[in-house]
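The residues making up each chain are set out below.
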Amino acid sequence: MPTVDPRRLARSNAEQWIYDRSPFGIFVTSLLLLALFLASFAAAQLIDRVPFLDPQGRVAGLTDSVWPAIVLSVMLTVILGVQRYARTRDNADAPAYARVFQRSGPQPDFLTPAVRRNLRIATLVGLIAGAGLTGVSVPQAFLWKHPLIMLWFFAVESLVSILFARGVVMSARSNELFSRLIRDDLQIDLLRIDLLAVIGRNGARTALIWFGVAAVICLFFVGDNMAISTFATMLGAAGMGLWIFLQPVMQVHRRIRAAKQAELEKLRHSISDLCAKAPGDTDAAARLHGLLAYETRIEAVREWPFDQTTALRLSAYLLIPAIPWFGQAIAQYFVERLAHTG
């Protein structure tokens, strides 16, 4: 029976073509992308003759358009960079997947006609959302007075919206296929339950993409740049991260628990039979001790497909969106203290 890595991401997609062609690693390529986004915005500012600094600016003396542009640039970089990191680590985990999955049939296509159609719809929705976000988030003075800045925000916010919408579609499809593999092809060895930790690692890495997005969105709180739509997007990103981690983990948890209960039930029937024979049969007594030890071992098997390292890592990921909140509170505290002192 052939083995398979159920989350092998050998396919190339539009979101990752830059990394596929870059001669540099993930970190350097991400920094270059960030520099490109910021440089394009700086060019738009210069051509439209808009200053970068404003003594009355709400964030570090910057004009109202600069801070949102920085946050959007960081967001795009985080989405693409962390997505690439998760994909690379999944490929590295291919041998671990092969040990726990035994495919019983042909591997289904990821990009079915229905998925391709949904991705096209997501792209269209992202473009429409980008136009709407540009009209809502960009100060009205910039909309027509500074066309290049308006065009930059439309392009970047559309790209963010497209990546978000397409990410929802691709995450849903990935979890659909993964759930099918867990149901049909997952091999559970109760004595080697540690092998299933690869499933928790994968879920945590994929969730990191969405938690990272939620954290960057929180940066809009700085300078009161947070709109209701942005707040809803942040909650949606954090919710997607939790769902992506919990959905396969809960399914595997149920499979482990069922296998554990079935094995314990079989053991206890055997133990009951041996208990009746043990007083007059030394061989039965010896076998009984072995079964009792095995029963204890099976009872101690953990029922969740992740180890303590993954649990700690996920806990840290959950705190990521809160970091900008604490940062803003600390900065506001010192600003108020300085103002009071002055």
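Participant: Explain the overall build of the protein residue by residue, including any values.
Facilitator: A count of helical and extended segments in the protein gives 12 helices and zero strands. When the elements of the protein are put in sequence order from the N terminus, they spell out α-α-α-α-α-α-α-α-α-α-α-α. By residue count, 43% of the 342 residues in the protein fall in the buried class. For the protein, contacts bridging at least 24 residues in sequence account for 82% of all contacts bridging at least 6. With an accessible surface of roughly 18200 Å², the protein has 65% of that area assigned to carbon and sulfur atoms.

Participant: Which residues make up the packing of helix H2 (residues 26–47) against helix H3 (residues 66–92), and what values do they have?
Facilitator: How two helices pack is summed up by the angle between their axes together with the distance between the axes. Remark: H2 packs on H3, axes separated minimally by 9 Å, with the N-to-C direction vectors making an angle of 160°. By the criterion of interaxial angle, the relationship of H2 to H3 is roughly antiparallel. Remark: the crossing between H2 and H3 carries right-handed chirality. Counted together, Ile26, Ser30, Leu33, Leu34, Phe37, Leu38, Phe41 and Gln45 of H2 and Val66, Ala69, Ile70, Ser73, Val74, Leu76, Thr77, Leu80, Gly81, Arg84, Tyr85 and Thr88 of H3 form the full contact between these two elements.

Participant: Tell me about helix H10 (residues 282–299), residues and numbers included.
Facilitator: The terminal C-alpha atoms of H10, which comprises 18 residues, lie 26 Å apart, in line with the 26 Å expected from a rise of 1.5 Å per residue. When we look at burial in H10, the residues that qualify are Ala284, Leu288, Glu295 and Ile298. An end-on view of H10 places all buried positions within 85° of arc, on one side of the element. Facing away from the buried surface of H10 by more than 90 degrees, the exposed residues are Thr282 and His289.

Participant: Explain the packing of aromatic side chains to me, and be specific about the residues and the numbers.
Facilitator: Here the structure, examined in full by the defined rule, presents five aromatic pairs. Arranged with centres 5.2 Å apart and planes meeting at 85°, the rings of Phe164 and Trp210 form a pair that is edge-to-face. Note that Phe164 is positioned in helix H7 (residues 147–184) and Trp210 in helix H8 (residues 197–218), a separation of 46 residues in sequence. In this structure Phe164 comes out as partly exposed when scored by relative accessible area, which is 24%. Members of the aromatic cluster, connected to one another through ring pairs, are Phe41, Trp152 and Phe153.

Participant: Help me get a handle on the nonpolar core, residues and values and all.
Facilitator: Note on soluble globular proteins: their nonpolar side chains tend to be buried together. Counting 36 residues, the largest nonpolar core has Phe41, Leu72, Met75, Trp152 and Phe153 as the members making the most contacts within it. Mapped by element, the contributors of at least two residues to this core are H2, H3, H7, H8 and helix H9 (228–277). Core analysis: the next-biggest nonpolar cluster, separate from the first, contains 19 residues, Phe101, Ile199, Val252 and Ile298 among them.

Participant: Can you explain a nonpolar patch on the surface? Please cite residues and give values.
Facilitator: A cluster of nonpolar side chains, Phe24, Phe27, Val28, Leu31 and Leu32, forms an exposed patch at the surface whose accessible area comes to about 510 Å². Of the residues examined, Val28 reaches a relative accessible area of 38% and is grouped as partly exposed.

Participant: Can you break down the confidence of the model for the protein residue by residue, with the values?
Facilitator: Scored by pLDDT, the protein has a mean of 77; 77% of the residues are at 70 or more. Ranking the elements of the protein by mean pLDDT puts helix H12 (residues 323–341) last with 47 and H2 first with 90. Scored below 50 in pLDDT, residues 328–342 makes two contacts in the model with residues more than four places away or belonging to other chains.

Participant: Tell me about the environment of Val74, and name the residues and values.
Facilitator: Looking at the element boundaries, Val74 is found in helix H3. The spacing of Val74 and Leu38 is 36 residues in sequence and 9.0 Å in space, taken between C-alpha atoms.

Participant: Requested: an account of the packing of H2 against H7, with residues and values cited.
Facilitator: The N-to-C vectors of H2 and H7 enclose an angle of 155°; their axes lie 7 Å apart at closest approach. When the interaxial angle is binned, H2 and H7 end up roughly antiparallel. Residues Phe37, Ser40, Phe41, Ala44, Gln45 and Ile47 of H2 pack against Leu148, Ile149, Trp152 and Phe153 of H7. Here the contact of H2 with H7 is built from residues that sort into eight nonpolar, two polar and no charged.

Participant: Pulling in residues and values, what's your account of the pattern of salt bridges?
Facilitator: Applying the stated criterion across every chain yields a total of 14 salt bridges. A salt bridge links Arg205 to Asp93; the nearest nitrogen and oxygen atoms lie 2.9 Å apart. Placement of Arg205 in helix H8 and of Asp93 in the loop between H3 and helix H4 (94–100) is noted, with a sequence separation of 112 residues between them. No difference in accessibility class separates Arg205 from Asp93, as the two residues are buried. Between Asp184 and Arg183 there is a salt bridge, with the nearest N and O atoms lying 3.2 Å from each other. On the basis of relative accessible area, Asp184 is assigned to the partly exposed category, the value being 44%. If you follow the salt bridges from partner to partner, you end up with Asp90, Asp93, Arg201 and Arg205 in one network.

Conventions we followed
Residues numbered from 1 in each chain as written. Predicted model: local features only at pLDDT ≥ 70, side-chain atom pairs only at ≥ 80, totals over all residues. Heavy atoms only, no water. Helix = DSSP H or I, 4+ residues; strand = E, 2+ residues; numbered from the N terminus. Buried < 20%, exposed > 50% of the residue type's maximum accessible area, 1.4 Å probe, protein only. Contact = heavy atoms within 4.5 Å. Areas by Shrake-Rupley, 256 points an atom, 1.4 Å probe, with all protein chains shown as cover. Axes fitted to C-alpha atoms, helices over the stretch in contact; angles between N-to-C directions. Parallel < 35°, antiparallel > 145°, perpendicular 65-115°, else oblique. Left-handed = near helix turned anticlockwise from the far one by under 90°. Expected span 1.5 Å × (residues − 1). Arc of directions from axis to C-beta. Phe/Tyr/Trp six-rings, centres within 6.5 Å; stacked < 30°, edge-to-face > 60°. Core = buried A, V, L, I, M, F, W, Y, C linked by side-chain atoms within 4.5 Å. Patch = residues over 30% accessible without salt bridge, like charges linked within 9 Å, V, L, I, M, F, W, Y side chains within 5 Å. Salt bridge = Lys/Arg side-chain N within 4 Å of Asp/Glu carboxyl O. pLDDT = per-residue confidence, 0-100. Nonpolar A, V, L, I, M, F, W, Y, C, P; charged D, E, K, R; others polar.

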